[in-house]
Amino acid sequence: MGKEYGNSIKNDDVYEALRADGASKEKAARIANAQVKGSINHNSRKLETRTKQQLYEEAKNIGISGRSKMNKQELVKAIRSR
């Protein structure tokens, strides 16, 4: 396990991996914390059961660009790729 970032970062390993891939501190923290809260579940089919608006909001929260032009399936794919 890497460095511990305290209460502000809920999943230190995910945070460090995202930072190593070039994500900003804010973006890495948002994604690491969202995964712990359960709002991001890339491996389940739950994303397909969400509305396009819910997927859009999720994409917005994790900083996916171009989301306004994406259809539902493209949003699902983009969220899973994060």
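For the structure itself, look to the data block above.
Residues numbered from 1 in each chain as written. Predicted model: local features only at pLDDT ≥ 70, side-chain atom pairs only at ≥ 80, totals over all residues. Heavy atoms only, no water.

Trainee: So what exactly am I meant to see when it comes to the overall build of the protein chain here?
Mentor: When you go through the protein chain residue by residue, the secondary structure sums to five helices and zero strands. Mapped in sequence order, the helices and strands of the protein chain form the string α-α-α-α-α. Taking all 82 residues of the protein chain together, the buried fraction comes to 32%. Split by element, the accessible area of the protein chain, about 5400 Å² in all, is 46% carbon and sulfur. (Helix = DSSP H or I, 4+ residues; strand = E, 2+ residues; numbered from the N terminus. Buried < 20%, exposed > 50% of the residue type's maximum accessible area, 1.4 Å probe, protein only. Areas by Shrake-Rupley, 256 points an atom, 1.4 Å probe, with all protein chains shown as cover.)

Trainee: I keep staring at the pattern of salt bridges and nothing clicks. Help me out?
Mentor: Oppositely charged side chains are able to pair whenever their charged atoms sit close together. One pass over the structure, following the stated rule, counts three salt bridges. Residues Glu26 and Arg30 are paired through a salt bridge, measuring 3.0 Å at the closest nitrogen-oxygen approach. Of this pair, Glu26 and Arg30 both sit in helix H2 (residues 25–37), separated by four residues, roughly a single helical turn. A relative accessible area of 29% means that Arg30 is categorised as partly exposed. (Salt bridge = Lys/Arg side-chain N within 4 Å of Asp/Glu carboxyl O.)

Trainee: I'm lost on helix H1 (residues 12–20) in this one. Help?
Mentor: One full turn of an α-helix is made of 3.6 residues, so residues set three or four places apart face in the same direction. For H1, the set of buried residues is Asp12, Tyr15 and Leu18. Down the axis of H1, the sector holding all buried residues measures 130 degrees, keeping them to one side. Positioned one or two residues after H1, Gly22 has a phi angle of 100 degrees, which is positive. (Arc of directions from axis to C-beta.)

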